[in-house]
Amino acid sequence: VVIDTGWRGRPGLGEADPFATAPVVVSQRVMNPRQSPAPIECRGVACAWLDGPGGPGSRLLVYTATQRPHGFRDELAALYRIDPAHITVIAPAVGGGFGGKTSRTPEERIMPFLARRLGRPVTWIETRSEYMAASNQGRGERIDLELAGTADGRILALRGDLVKDAGAYPITGAVLPGAWTAPGTAGCYDIAHIEFRARSVATNRAATSAFRGAGRAPW
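Rules of the game
Residues numbered from 1 in each chain as written. Predicted model: local features only at pLDDT ≥ 70, side-chain atom pairs only at ≥ 80, totals over all residues. Heavy atoms only, no water. Helix = DSSP H or I, 4+ residues; strand = E, 2+ residues; numbered from the N terminus. Rg over C-alpha atoms; globule rule 2.2 N^0.38 Å. Buried < 20%, exposed > 50% of the residue type's maximum accessible area, 1.4 Å probe, protein only. Contact = heavy atoms within 4.5 Å. Areas by Shrake-Rupley, 256 points an atom, 1.4 Å probe, with all protein chains shown as cover. Lys, Arg positive; Asp, Glu negative; His and termini not counted. Charge placed at Lys NZ, Arg CZ, Asp CG, Glu CD. Core = buried A, V, L, I, M, F, W, Y, C linked by side-chain atoms within 4.5 Å. Pairing = 2+ DSSP bridges. Axes fitted to C-alpha atoms, helices over the stretch in contact; angles between N-to-C directions. Phe/Tyr/Trp six-rings, centres within 6.5 Å; stacked < 30°, edge-to-face > 60°. Lys NZ or Arg CZ within 6 Å of the ring centre and 35° of its normal.

Considering the overall build of the chain
The helix and strand inventory of the chain stands at five helices and nine strands. Starting at the N terminus, the α and β elements of the chain follow one another as β-α-β-β-β-α-β-α-β-α-β-β-α-β. Relative to the globule expectation of 17 Å for 219 residues, the C-alpha radius of gyration of the chain, 22 Å, shows a markedly less compact shape. Structurally, the chain occupies a C-alpha span of about 75 × 35 × 30 Å along its principal axes. Relative to its full complement of 219 residues, the chain shows a buried share of 44%. Excluding contacts between residues fewer than 6 apart, the proportion of contacts in the chain whose partners are at least 24 apart in sequence is 77%. Just so you have it, the chain exposes about 11400 Å², and 57% of that area is on carbon and sulfur atoms. Measuring between centres, the 26 positive side-chain charges of the chain sit 6 Å from its 20 negative side-chain charges.

Concerning the nonpolar core
In terms of nonpolar packing, the biggest core is built from 16 residues, with Cys-47, Leu-60, Val-62, Leu-76, Ile-87 and Met-111 touching the most fellow members. Looking at this core, the elements that each hand over two or more residues are β3 (44-52), β4 (55-64), α2 (69-80), β5 (87-90), α3 (106-118) and β6 (122-125). Beyond its immediate sequence surroundings of up to four residues, Met-111 is in contact with Val-45, Cys-47, Tyr-80, Val-122, Thr-123 and Trp-124. Counting five residues, the second-largest nonpolar core is a separate cluster that includes Ile-143, Leu-162, Phe-196 and Ala-198.

Remarks on the sheet that holds β3
Taken together, four strands build an open sheet; the order of strands is β5-β4-β3-β6 and the sheet is mixed. At either end of the open sheet lies a strand with only one pairing partner, and these are β5 and β6. Across the sheet, the mean angle separating the axes of adjacent strands is 20 degrees when strand polarity is ignored. Sheet topology places β3 next to β4; seven bridges connect them, and they run antiparallel. Bridge pairing in β4 places Val-45 opposite Thr-64. Lying on the sheet, α2 is in contact with β4 and β5; it crosses β5 at an angle near 145 degrees.

Points about the packing of aromatic side chains
Applying the stated criterion to the full structure yields one aromatic pair. On the basis of an interplanar angle of 75 degrees and a centroid distance of 6.3 Å, the ring pair of Trp-49 and Tyr-80 is categorised as edge-to-face. Of the two residues, Trp-49 is situated in strand β3 and Tyr-80 in helix α2; the sequence distance between them amounts to 31 residues. For Arg-128, the ring lying beneath its charged end belongs to Tyr-131, and the centroid distance is 5.6 Å.

With respect to unusual backbone geometry
Positive phi values are uncommon outside glycine, yet Phe-98 reaches one of about 60 degrees. Its place among the elements puts Phe-98 in the loop between β5 and α3.

Points about the side chain of Thr-208
By the element assignment, Thr-208 lies in the segment after β9 (193-202). You can call Thr-208 buried: its relative accessible area is 0%. Among all residues touching Thr-208, those that are not within four sequence positions of it are Arg-34, Gln-137, Gly-138, Arg-139, Lys-164, Asp-165, Ala-166, Ile-171, Thr-172 and Gly-173.

With respect to the environment of Ala-179
As for its placement among the helices and strands, Ala-179 is situated in helix α5 (residues 172-181). For Ala-179, a relative accessible area of 44% gives the class partly exposed. Along the chain, Ala-179 and Ala-206 lie 27 residues apart, while their C-alpha atoms are 21 Å from each other.

Shown next as structure tokens:
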């Protein structure tokens, strides 16, 4: 499965191909390996259905180690088709999230279903080895870069081609190249001509998601 953003750019050198006409053209392949956010505590969720305005079992209470309680609440509301006002998400102090605690994993989202199915509160606490094997990871990119420039060091054009390993469950990591990497391709430099292509590929590995500098780490 490939999610292809296609080529994006801001041509600034007229019709001429700068990579064919520039005095100097250099290229390099950069591997940005997978990394683990490795927070102090692993993932953990405790939840229960309580009586509420909609009747018995109409209110959901969730304790979870997340860095985005409001976003997690809204996503649970959409998934279970209930009013967000009937969900309370409590996030204890999180010992480092770094993007790895966005609560977009299947294990966290299925917990309310299990609590409803069993008719009682449920708790899931992940072990460190489980976290390393199955939780969200960062990076996982192969980047081919070309620079066209002058002999005195002025960069005329930049071409980037990025392949993103999105993992088995494409989530945040799959969209980072198009949403975050592409707009920042030039960084702080004045480059008249930029081309950028990104492909996110589904694999049989753990999902990739946000991690510090999400989408900007390739450059």
